[in-house]
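What follows is each chain in one-letter form.
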Amino acid sequence: MKQRLLFAVAVCFLAAWQAACGGSPGSNGGGTPPPPPVTITISGNPLTVNAAGQVQLTATASGGNGNLAVTWSASPNVGSFSPASGTSVVYTAPADSAMTQSPEQITITGTASSGKQSSSNTVDVTVDRTITLSLAPGSIVPNSEIYSDFGAMVPVWYSCVGCEVGDTVNSTSSFGGGVQGILPSGFLDPWNILYNWAGQLDIPGPTSVWVTGQDGVKSNTVWLAFDGSQNMAAEDSSTGEIFYAYPGNGPLYSQFTMKFHQDGTTDGEFSDAICPCGVAVDSSTHEVLEPSVIGTLQAFTSTGNSLGGIGINRSNVLGVSAAHGIGCGTEPESDIAFCTKLPSAPFNAPPALALPGIPSGSQPTPILVLDASDVVLYGRGDTTLRWYTISGTSATAAGTLTLSQFTPANAAYWNQYPVTGGWEIAEVNGILGVMGQVVNADGTVSQKLALVDNTDQTLTQYVALPPGTIHITADPVHNGILAEYVDFSGAIPITRFVRVDVNTGSVTTLSATSALFPGVGFLVTNDGSHIATFVQGKADFEPYQ
């Protein structure tokens with residue numbers, strides 16, 4: 001009996017123990033298992049972004065009780081997150097002004113939390129400052145172009161946002177010169193950087209300017225198209241020979257002329273002159289004329305033999321035209337335009353015949369021989385077209401027309417700095433296309449084409465040309481005036497073309513382009529098959545399309 005009682009007590013004790021421990025042996029007692037640990041990963045490490053740029057951050061979190069919250073922080077505490085929390089956020093880097101150093105090294109921490117558990121992970125973000133270079137407001141440069149007279153000092157101002165003391169200004173150009181130097185103290189942001197064009201400024205070509213930071217950050221590149229005084233190419237319409245004048249690498253005011261054929265081949269150097277100003281060819285005498293800074297028109301045979309010069313005892317002859325045995329030139333600084341009968345032998349030339357009635361300040365620049373007796377001239381200083389009749393040794397005025405929408409070159413915009421380019425004349429089927437410049441209210445410069453009926457000397461209409469138009473040329477096969485301009489929208493600028501119909505004024509953008517820019521020599525071959533552009537001794541003949 002006693003043994004049975006002890007056995008019953010033992011059984012009861014075991015049952016009570018099992019109940020207290022949650023069940024029978026092998027059971028967990030009926031409780032909830034502990035949650036797994038919280039983990040978090042962040043995509044994209046390391047990351048680099050420009051100042052004020054944005055980075056997409058994505059967190060992958062797991063563990064805990066399933067209710068995970070992800071929050072973000074940055075050290076140093078700069079920039080912002082949008083939204084402020086969540087598994088996918090956008091981090092906006094600090095602007096240049098909020099950066100404590102350059103480059104700014106920022107550690108971004110993402111923290112996932114669930115109940116009492118949490119876990120963090122980090123991603124490194126390098127924030128480079130942004131250096132943005134642009135042409136400063138009010139710069140003399142109109143729409144990424146420069147026109148200038150001989151030997152003038154033309155300041156081109158650049159505005160640099162994000163520049164710092166010790167950064168380097170760099171430049172390249174196809175014709176030498178440029179600037180390179182360390183930015184000094186004493187400037188405010190945006191910085192004003194001065195690029196002085198000095199010396200032989202009628203040497204045309206492209207140039208680029210950029211800034212390199214001490215921290216290795218490079219700014220965007222700002223390109224400029226530097227244009228000479230006029231179109232630097234002309235074609236003998238009867239032979240198809242093309243003459244292109246360019247400065248070369250000779251002494252100051254040294255010009256070289258090359259002769260090309262319509263298939264793009266060249267005979268090489270044709271002649272030397274004393275001015276990188278322009279060229280004209282007379283299809284009746286086949287003589288080539290080149291203006292000169294010593295006050296003459298230099299004449300050459302089609303094979304390059306010098307015929308001498310027509311003198312007017314003035315410097316800086318810039319405009320030039322030849323046709324029907326007449327050669328003409330302009331000297332804008334002295335308000336002189338002159339013509340002469342072209343001889344067929346070395347110059348015992350008739351005296352230069354001054355065109356009458358050109359008022360002081362009219363600054364005649366482009367001139368065009370229309371036929372054996374008629375000449376038209378444009379005064380950039382008073383925006384007036386003047387017609388003349390040439391008869392023997394006399395010249396008489398034959399009409400005027402003021403193009404009132406053009407801005408005079410002696411207006412306030414150009415008062416401080418002499419400029420020569422941007423005004424040209426071309427004639428197609430009795431219609432004159434006159435390119436002139438317009439200073440807009442905001443200080444920018446636009447180019448327009450005035451279409452003028454040469455018969456009754458009346459204005460037909462004005463046509464807006466693309467920004468940065470450099471030259472125009474006659475395109476009689478397609479009944480148009482062709483204009484070229486530099487497209488700076490891509491990484492490398494290219495030259496593009498538009499055709500203006502001389503009857504309707506409609507503008508057509510051609511698909512043809514040229515890698516040469518600016519096309520300081522520019523024409524349509526006389527058969528209308530190709531567009532030829534020239535710069536720095538190089539030629540590009542593109543199919544007309």
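Structural data are supplied above this passage.
Because the structure is a prediction, the values reported are computed rather than measured.

> Could you give an account of unusual backbone geometry, with specific residues and numbers?
Ser 75 connects to Pro 76 through a cis peptide bond whose omega is 0 degrees. On the secondary structure map, Pro 76 appears in the loop between β4 (69-75) and β5 (80-82). Cis geometry is found at the peptide bond from Phe 517 to Pro 518, where omega equals -15 degrees. Structurally, Pro 518 is set in the loop between β40 (507-514) and β41 (521-524). Notably, Gln 363 is not glycine yet its phi reads approximately 50 degrees, a positive angle. Along the polypeptide, Gln 363 turns up in the loop between β28 (353-354) and β29 (364-369). According to the relative accessible area criterion, Gln 363 is buried, its value standing at 17%. Phi is positive for Thr 383, close to 50 degrees, though the residue is something other than glycine.

> Break down the state of the cysteines for me, with residues and values.
In total, this model carries two disulfides according to the counting rule given. Cys 160 shares a disulfide with Cys 163; S-S distance 1.9 Å. Handedness here is read from the sign of the S-S torsion; for Cys 160 and Cys 163, about 75 degrees, the answer is right-handed. One disulfide bridge connects Cys 328 with Cys 339, the sulfur atoms lying 2.0 Å from each other. Judged by the sign of its S-S torsion, about 105 degrees, the bond between Cys 328 and Cys 339 is right-handed. Here Cys 339 lies in strand β27 (residues 336-341) and Cys 328 lies in strand β26 (residues 326-331), a separation of eleven residues in the sequence. Per residue, the accessibility class of Cys 328 equals that of Cys 339, and both read buried.

> Tell me about the pattern of salt bridges, residues and numbers included.
Taken as a whole and assessed by the stated rule, the structure comprises seven salt bridges. In this structure, Arg 129 engages Asp 167 in a salt bridge whose closest nitrogen and oxygen atoms are separated by 2.8 Å. Highlighted residues: Arg 129 in the loop between β8 (117-128) and β9 (132-135) and Asp 167 in the loop between β11 (154-161) and β12 (168-173), separated in sequence by 38 residues. Of the two residues, Arg 129 and Asp 167, neither departs from the other in class, the shared state being buried. As a salt-bridge pair, Arg 496 and Asp 487 come within 2.6 Å of each other at their nearest N and O atoms. Residue classification places Arg 496 among the partly exposed positions, given a relative accessible area of 27%. Take Asp 487: its relative accessible area is 17%, and that puts it in the buried class. Bridged by salt links that share partners, the residues Arg 129, Glu 164, Asp 167 and Asp 215 form one connected network.

> Residues and numbers for the layout of surface pockets, please.
Size it by volume and the largest pocket reaches roughly 1000 Å³. What lines the largest pocket is a set of 41 residues, among which Ala 234, Glu 235, Leu 368, Thr 473 and Ala 474 lie closest to the centre. Mapped onto the lining of the largest pocket, the elements with two or more residues apiece are β17 (233-235), β21 (280-281), β25 (319-323), β29, β33 (424-428), β37 (469-475) and β41.

> Kindly report on the pairing of β33, identifying the contributing residues and their values.
For a regular strand, side-chain orientation follows a simple rule: the groups alternate between the two sheet faces. Counted residue by residue, β33 has four buried out of five residues, so it is predominantly covered. Where β33 meets strand β34 (residues 431-439), five bridges bridge the pair, whose relative direction is antiparallel. Residue Glu 424 lies in a different strand from β34, and its bridge partner there is Met 435. The hairpin turn running from β33 into β34, its antiparallel successor, is two residues long, and Asn 429 in that turn takes a positive phi close to 50 degrees.

> Run through the environment of Asp 475, naming residues and quoting values.
Along the chain, Asp 475 falls in strand β37. Note: C-alpha distance between Asp 475 and Val 428 (47 residues apart in sequence) is 6.9 Å. There is a polar contact of 2.9 Å between the side chain of Asp 475 and the side chain of His 478.

> Before we move on, can you summarise the pairing of strand β1 (residues 39-42) with the specific residues and values?
What you see with β1 is a clean split: Ile 40 and Ile 42 sit on the buried side and Thr 39 and Thr 41 on the side with no burial. The pairing of β1 with strand β3 (residues 54-62) spans four bridges and is antiparallel. Within the sheet, the bridge partner assigned to Ile 40 lies in β3 and is Ala 61.

> Summarise the nonpolar core; cite the residues concerned and give the values.
Membership of the largest hydrophobic core comes to 24 residues, with the highest contact counts inside it found for Leu 57, Trp 72, Phe 81, Tyr 91, Ile 106, Ile 108 and Val 127. Secondary-structure elements contributing two or more residues to this core are β1, β2 (47-50), β3, β4, β6 (88-92), β7 (104-114) and β8. Not counting residues within four places of it along the chain, the set of residues in contact with Val 127 comprises Val 49, Asn 50, Ala 51, Ala 93, Pro 94, Met 99, Pro 103, Glu 104 and Ile 106. In terms of nonpolar packing, the next biggest core, distinct from the first, is built from 18 residues, Leu 370, Val 376, Phe 406 and Ile 425 among them.

> Explain the side chain of Asn 170 to me, and be specific about the residues and the numbers.
Here Asn 170 is to be found in strand β12. Separated by 3.3 Å, the side chain of Asn 170 and the backbone oxygen of Thr 168 make a polar contact. A distance of 3.1 Å separates polar atoms of two side chains, one belonging to Asn 170 and the other to Thr 212.

> Please give an account of the sheet that holds strand β42 (residues 530-535) that cites residues and values.
Judged by pairing direction, the sheet is antiparallel, and its three strands sit side by side in the order β41-β42-β43 without closing on themselves. In this open sheet, the two strands that pair with only one neighbour each are β41 and β43 (538-543). Neighbour to neighbour, the strand axes of the sheet diverge by 15 degrees on average, direction disregarded. The sheet contact formed by β42 and β43 spans six bridges and is antiparallel. When the bridges of β43 are listed, Phe 534 appears paired with Ala 539.

> Account for the sheet that holds strand β30 (residues 374-379), with residues named and values stated.
The sheet built from four strands is open, its strands ordered β29-β30-β31-β32 with antiparallel pairing. Of all strands in the sheet, those with a lone pairing partner are β29 and β32 (394-402), marking the two edges. Each strand of the sheet is rotated relative to its neighbour by a mean of 25 degrees, with strand direction disregarded. Relative to strand β31 (residues 384-391), β30 runs antiparallel, the two sharing six bridges. By the bridge assignment, Val 376 is partnered in β31 with Trp 387.

> Provide a residue-level description of the environment of Val 502, including the pertinent values.
Its location among the elements puts Val 502 in the loop between β39 (494-501) and β40. In the structure, Val 502 is positioned 75 residues away from Glu 427 in sequence and 9.2 Å away in space, judged by C-alpha atoms. Apart from residues no more than four positions distant in its own chain, Val 502 is found in contact with Val 428, Ile 431, Leu 451, Asn 479, Gly 480 and Ile 481.

Definitions and limits used
- Numbering of residues starts from 1 in each chain and follows the order in which that chain's sequence is written.
- Selection of residues for local features in this predicted model requires a pLDDT of at least 70, selection of side-chain atom pairs for listing and counting requires 80 or more, and totals for whole chains, interfaces and linings are taken over all residues.
- Just so you know, side-chain values use all the structure's heavy atoms and leave hydrogens and water out.
- Only runs of H or I of at least four residues qualify as helices and only runs of E of at least two qualify as strands under DSSP, and these elements are numbered from the N terminus.
- Exposure is judged per residue with a 1.4 Å probe applied to protein chains only, and the accessible area is read against the type maximum: over 50% gives exposed, under 20% gives buried, and values in between give partly exposed.
- To count as a disulfide, a pair of cysteine sulfur atoms needs to be within 2.5 Å.
- In what follows, salt bridge is the name for a side-chain nitrogen of Lys or Arg lying within 4 Å of a carboxyl oxygen of Asp or Glu.
- Both site types are read off a 1 Å grid over the protein atoms alone. A 1.4 Å probe that fits but cannot get out defines a cavity, while an open set with protein on both sides within 12 Å along at least five of seven lines defines a pocket; lining residues have an atom within 4 Å of a point.
- Grid points are joined across faces, edges and corners, and a volume is the space filled by probe spheres set on the points.
- Note on pairing: DSSP must find at least two bridges between two strands before they are called paired.
- Within 3.5 Å is the distance limit for a polar contact, defined as a pair of N or O atoms, with the added protein rule that one can donate a hydrogen and the other accept it, and that residues adjacent in sequence qualify only through two side-chain atoms.
- Here, nonpolar core refers to any group of buried Ala, Val, Leu, Ile, Met, Phe, Trp, Tyr and Cys residues whose side-chain atoms link them within 4.5 Å.
- By definition, residues are in contact when any of their heavy atoms lie within 4.5 Å.
- A fitted line through C-alpha atoms serves as each axis, taken over the contacting stretch for helices, and the angle formed by two N-to-C directions is quoted from 0 to 180°.

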